[in-house]
Amino acid sequence: MAPKIQTRTEIRYKCARWLLGSADLKKMRRPLPQPSSLGATAHAQASGQARERRGLEPGTYESGKFHLISKLGRVEKSVEAHCGAVLAGRWNYEGTALITVGEDGQVKIWSKSGMLRSILAQQGTPVYSVAWGPDSEKVLYTAGKQLIIKPLQPNAKILQWKAHDGIILKVDWNSVNDLILSAGEDCKYKVWDSYGRLFYSSQPHEHPITSVAWAPDGELFAVGSFHTLRLCDKTGWSYALEKPNTGSIFNIAWSIDGTQMAGACGNGQVVFAHVVEQRWEWKNFEVTLTKRRTMQVRNVLNDAVDLLEFRDRVIKASLNYGHLVVSTSLQCYVFSTKNWNTPLIFDLKEGTVSLILQAERHFLLVDGGGIYLYSYEGRFISSPKFPGMRTDILNAQMVSLSNDTIAIKDKADEKIIFLFEASSGKPLGDGKILSHKNEILEIAVDQKGLTSERKIAFIDKNRDLYITSVKRFGKEEQIIKLGTMVHTLAWCDTSNILCGLQDTRFTVWYYPNTVYVDRDILPKTLFERDASEFSKNPHIVSFVGNQVTIRRADGSLVHISISPYPAILHEYVSSSKWEDAVRLCRFVKEQTMWACLAAMAVANRDMTTAEIAYASIGEIDKVQYINSIKDLPSKESKMAHMLMFSGNIQEAEMVLLQAGLIYQAIQINIDLYNWERALELAVKHKTHVDTVLAYRQKFLETFGKQETNKRYLQYAEGLQVDWDKIKAKIEMEITKERERSSSITGKNLMGRH
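Rules behind the numbers
- Residues numbered from 1 in each chain as written.
- Predicted model: local features only at pLDDT ≥ 70, side-chain atom pairs only at ≥ 80, totals over all residues.
- Heavy atoms only, no water.
- Helix = DSSP H or I, 4+ residues; strand = E, 2+ residues; numbered from the N terminus.
- Buried < 20%, exposed > 50% of the residue type's maximum accessible area, 1.4 Å probe, protein only.
- Contact = heavy atoms within 4.5 Å.
- Arc of directions from axis to C-beta.
- Salt bridge = Lys/Arg side-chain N within 4 Å of Asp/Glu carboxyl O.
- Axes fitted to C-alpha atoms, helices over the stretch in contact; angles between N-to-C directions.
- Parallel < 35°, antiparallel > 145°, perpendicular 65-115°, else oblique.
- Left-handed = near helix turned anticlockwise from the far one by under 90°.
- Nonpolar A, V, L, I, M, F, W, Y, C, P; charged D, E, K, R; others polar.
- Pairing = 2+ DSSP bridges.
- Phe/Tyr/Trp six-rings, centres within 6.5 Å; stacked < 30°, edge-to-face > 60°.
- Lys NZ or Arg CZ within 6 Å of the ring centre and 35° of its normal.

**Student:** A description of the overall build of the protein should follow, citing residues and the corresponding values.
**Tutor:** Helix and strand content of the protein: 15 helices and 49 strands. Across the 753 residues of the protein, 54% fall into the buried class. Summarising the internal contacts of the protein: among those between residues at least 6 apart in sequence, 44% fall at separations of at least 24.

**Student:** Give a detailed account of helix H8 (residues 620-630), specifying residues and quantitative values.
**Tutor:** Three or four residues apart is the spacing at which side chains of an α-helix point the same way, because the helix has 3.6 residues per turn. Turning to H8, its buried residues number three or more, namely Lys622, Val623, Ile626 and Ile629. Burial along H8 is one-sided: seen end-on, the buried residues are contained in an arc of 115°.

**Student:** Pulling in residues and values, what's your account of the pattern of salt bridges?
**Tutor:** Tallying each qualifying case throughout the model produces 30 salt bridges. As a salt-bridge pair, glutamate 219 and lysine 234 come within 3.5 Å of each other at their nearest N and O atoms. Placement of glutamate 219 in the loop between strand E16 (211-214) and strand E17 (220-225) and of lysine 234 in the loop between strand E18 (228-233) and strand E19 (238-242) is noted, with a sequence separation of 15 residues between them. One salt-bridge network, in which partners are shared between bridges, spans Asp518, Asp520, Lys524, Glu619 and Lys622.

**Student:** Explain the packing of helix H11 (residues 662-671) against helix H13 (residues 689-703) residue by residue, including any values.
**Tutor:** Each pair of packed helices gets described by two things: the angle between the helix axes and the distance between those axes. Put simply, H11 and H13 touch, their axes get as near as 11 Å, and they point 15° apart. With respect to each other, H11 and H13 are oriented roughly parallel. Here H11 runs over H13; the crossing is right-handed. Of H13, the residues touching H11 (which contributes Tyr663, Ile666, Gln667 and Ile670) are Thr691, Val692 and Tyr695. The class makeup of the residues in the contact of H11 with H13 is 5 nonpolar, 2 polar and no charged.

**Student:** Outline the sheet that holds strand E31 (residues 353-358), listing residues and values.
**Tutor:** Here 4 strands make up an open sheet; going across it, the order is E31-E32-E33-E34 and the pairing antiparallel. Looking at strand neighbours, the two that pair on one side only are E31 and strand E34 (380-382), the edges of this open sheet. For this sheet, the mean inter-axis angle between neighbouring strands, taken without regard to orientation, is 30°. Here strand E32 (residues 362-367) pairs with strand E33 (residues 370-375) via 6 bridges, running antiparallel. Residue aspartate 367 lies in a different strand from E33, and its bridge partner there is glycine 370.

**Student:** Give a description of the packing of helix H4 (residues 565-574) against helix H5 (residues 578-588) that names residues and reports values.
**Tutor:** Relative to each other, H4 and H5 sit at 160°, their axes nearing to 8 Å. When the interaxial angle is binned, H4 and H5 end up roughly antiparallel. Our pair here, H4 against H5, has a crossing hand that is left-handed. In this structure, H4 contributes Tyr565, Ile568, Leu569, Tyr572 and Val573 to the contact, and H5 contributes Trp578, Asp580, Ala581, Leu584, Cys585, Phe587 and Val588. Looking at the contact of H4 with H5 residue by residue, the class counts come to 11 nonpolar, no polar and 1 charged.

**Student:** So what's going on with the pairing of strand E48 (residues 547-551)? Residues and values would help.
**Tutor:** Counting buried positions along E48 gives 4 out of 5 residues, so the element sits mostly inside the fold. Both strand E47 (residues 539-544) and E48 contribute to a ladder of 5 bridges, which runs antiparallel. Bridged to phenylalanine 543 within E48 is valine 548. Hairpin remark: E47 followed by E48, antiparallel, with 2 residues in the connecting loop; positive phi at glycine 545, about 65°. Two elements, E48 and strand E49 (residues 557-561), share 5 bridges in a ladder whose sense is antiparallel. If you follow glutamine 547 over to E49, its bridge partner there is serine 561. Here E48 folds back onto E49 in antiparallel fashion, the turn holding 5 residues, of which glycine 555 has a positive phi close to 95°.

**Student:** Just give me the short version of the packing of aromatic side chains, but keep the residues and values in it.
**Tutor:** Following the criterion strictly, the structure yields 26 aromatic pairs and no others. When the centroid spacing of 6.4 Å and the interplanar angle of 25° are considered together, the rings of phenylalanine 386 and phenylalanine 420 count as stacked. Linking phenylalanine 386 in the loop between E34 and strand E35 (399-401) with phenylalanine 420 in strand E37 (residues 416-421), this pair joins segments that are 34 residues apart in sequence. For the pair shown, phenylalanine 386 and phenylalanine 420 are each scored as buried. Three or more aromatic residues joined by ring pairs form one cluster here, namely Phe285, Phe310, Tyr333, Phe335 and Trp340. Here lysine 455 stacks its cationic end above the ring of tyrosine 516, 5.4 Å away from the centre of that ring. Lysine 698 extends its terminal NZ or CZ atom over the ring of tryptophan 723, reaching a point 5.6 Å from the ring centre.

**Student:** Tell me what's going on with unusual backbone geometry, and back it up with residues and numbers.
**Tutor:** Its identity is not glycine, yet lysine 283 carries a phi of approximately 50°, on the positive side. Looking at the element boundaries, lysine 283 is found in the loop between strand E23 (279-282) and strand E24 (285-291). For aspartate 503, which is not glycine, the phi torsion reads 55° and is therefore positive. Along the polypeptide, aspartate 503 turns up in the loop between strand E44 (498-502) and strand E45 (505-509).

**Student:** Tell me about the sheet that holds strand E9 (residues 138-143), and name the residues and values.
**Tutor:** One key point about sheets: their strands pair by backbone hydrogen bonds, in either a parallel or an antiparallel sense. Pairing in this open sheet of 4 strands is antiparallel, and the strands run E8-E9-E10-E11 from one edge to the other. The two strands at the open ends of the sheet, each matched to only one other strand, are strand E8 (130-132) and strand E11 (159-162). Sheet twist, expressed as the average angle between the axes of neighbouring strands with direction ignored, equals 15°. For E9 and strand E10 (residues 146-151), the ladder comprises 6 bridges, and the chain directions are antiparallel. When the bridges of E10 are listed, leucine 140 appears paired with isoleucine 149.

What follows is the structure in structure tokens.
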């Protein structure tokens, strides 16, 4: 996406009321002389220069009042708020409280009817700007060169840091991405996170930065200065620059759909700007928003160009999986890349779509009223909901979509992910949620394979990457760490291959499910390369086929091609073409491919292929273990030992107990030296207690130790260990299991005939 801005200026007062607050409108009534540079302001002159800098005049803010104005422009109430000018005022996100700051250094919170609730802070210098935190529980305000975040709770910790080398003139805090903007007389604008860590600092401009404002979805922000309006990405770099002849732009406000903005200018004019030239790419197609209601589609293979005309202005669009989904202010258009002439059109419920996500079979629309899933034929499928859901703060990092699953991160408790069935919109399974020990920053669901094998990957606050199955959520032991210092991630759209930017490396997990099968060989299934060329804070834009697109910190796009063979291997395995998979690995001759095939074969219980693959990567001990599994007498025993091979001890024991193979369940605990559990099973089922005691005694004799376990001492009293009897019992158990297995096999064969 490479948007630009088109601007026009008008001396209108009433037409801008829907975009700008009444405070800023009053500043625009009288043009002001513009200095070439405002420069640094001395502490003693701060109060006087504030009035010139902010464009105030007697009778409005200079008197210390703020006015509550109705939609029709009528002043409903005037409130004496501050000694000296009121420099800024903001409603909270719920519209239940108003905060004002002024030349007297006070930060005050008011009810929506204009009653004073509290004085949040008081300092000796003017406060020029203020912003609410995303949850309306914290307030950000300026204090000279410092920024201060103060919670509304009386005894909560205050965060304060030096942000600029000159007085800070403007701040904004976005509720979607939780990032902070600041601008000051040092002629710079900066991007911070909510912990005060610097993400981006601009180069010094010619004049002080007098305004900054986030777009509602948090993807863009606007910067205003003297004769300057700039459009920037959320990471700080600039998309476009306009030079309107307006003087300093003192305040900027976005429309609710994020497609246009208005600026209050020092010469008494209002500047209007529209975001255009946004671009979307998928495979060989490039779609560009040339005008507010016109798109151009270009096929780079044959240079064919199609023009798409819309009745209303375009708000959001997404291009993926062979479809272009476009939302205007009233309708949704669905185009197929095979036919651009006849789109499917349906009316929207709310109109202001803030997010579009696509999967292979359907797409998701998010607006102010809810979340809606539609098929590409325009059929409404479902609308997932959970208590306290706020759709206005959802973005692509908080919502993920696959053919059968919708995952949504809870903003109220950022350690929780809600999982829904796509077809019904109901919570998955028994309604449990995925809960993590730390706050989660970004989530992504894989796109291919069976629903029962669906995986979700996420990055937490410590920048650790985890993976878990959506069918096993709620179990802490099933959430497994894949990597550390991961900044961004993406799943491939054609196979379950995961990529991420990990510290100074670009990493591809060719088969992430390896962590559930054989964690020892996980490093052998990875592809890594140096990522220092992407500079600081790069972001993965897309992972289509075998091509990964990364946006660098300066806004440039870098394309990386990975090996196409792992995706082909995934395709063979999903179709159970094991012989083809082995031939492919022999052709490619890479350890990575053999390691992936080994893990895939174990996951699918194909022991012959697993033996070949493990032998090819030199895992001889595992080859021997697989051979021993192949010689086991029953299907249940083979299944249990395969689960043990993957580290799933409890599941292995459960398989044996359900099949009535009590001795085998006891024996696997003896083999693992899990003596407490082995004795517990023997006593519970009243069998093989002497077997457990015999193996325990042999174990202690080997290491020259005496028995100290009270339970073993209790059951060993008066019991004589007879190894001949024990071996005979074990032989009898194995014979019974073999006969039982043969009987079941015979019945199955007869049933087929």
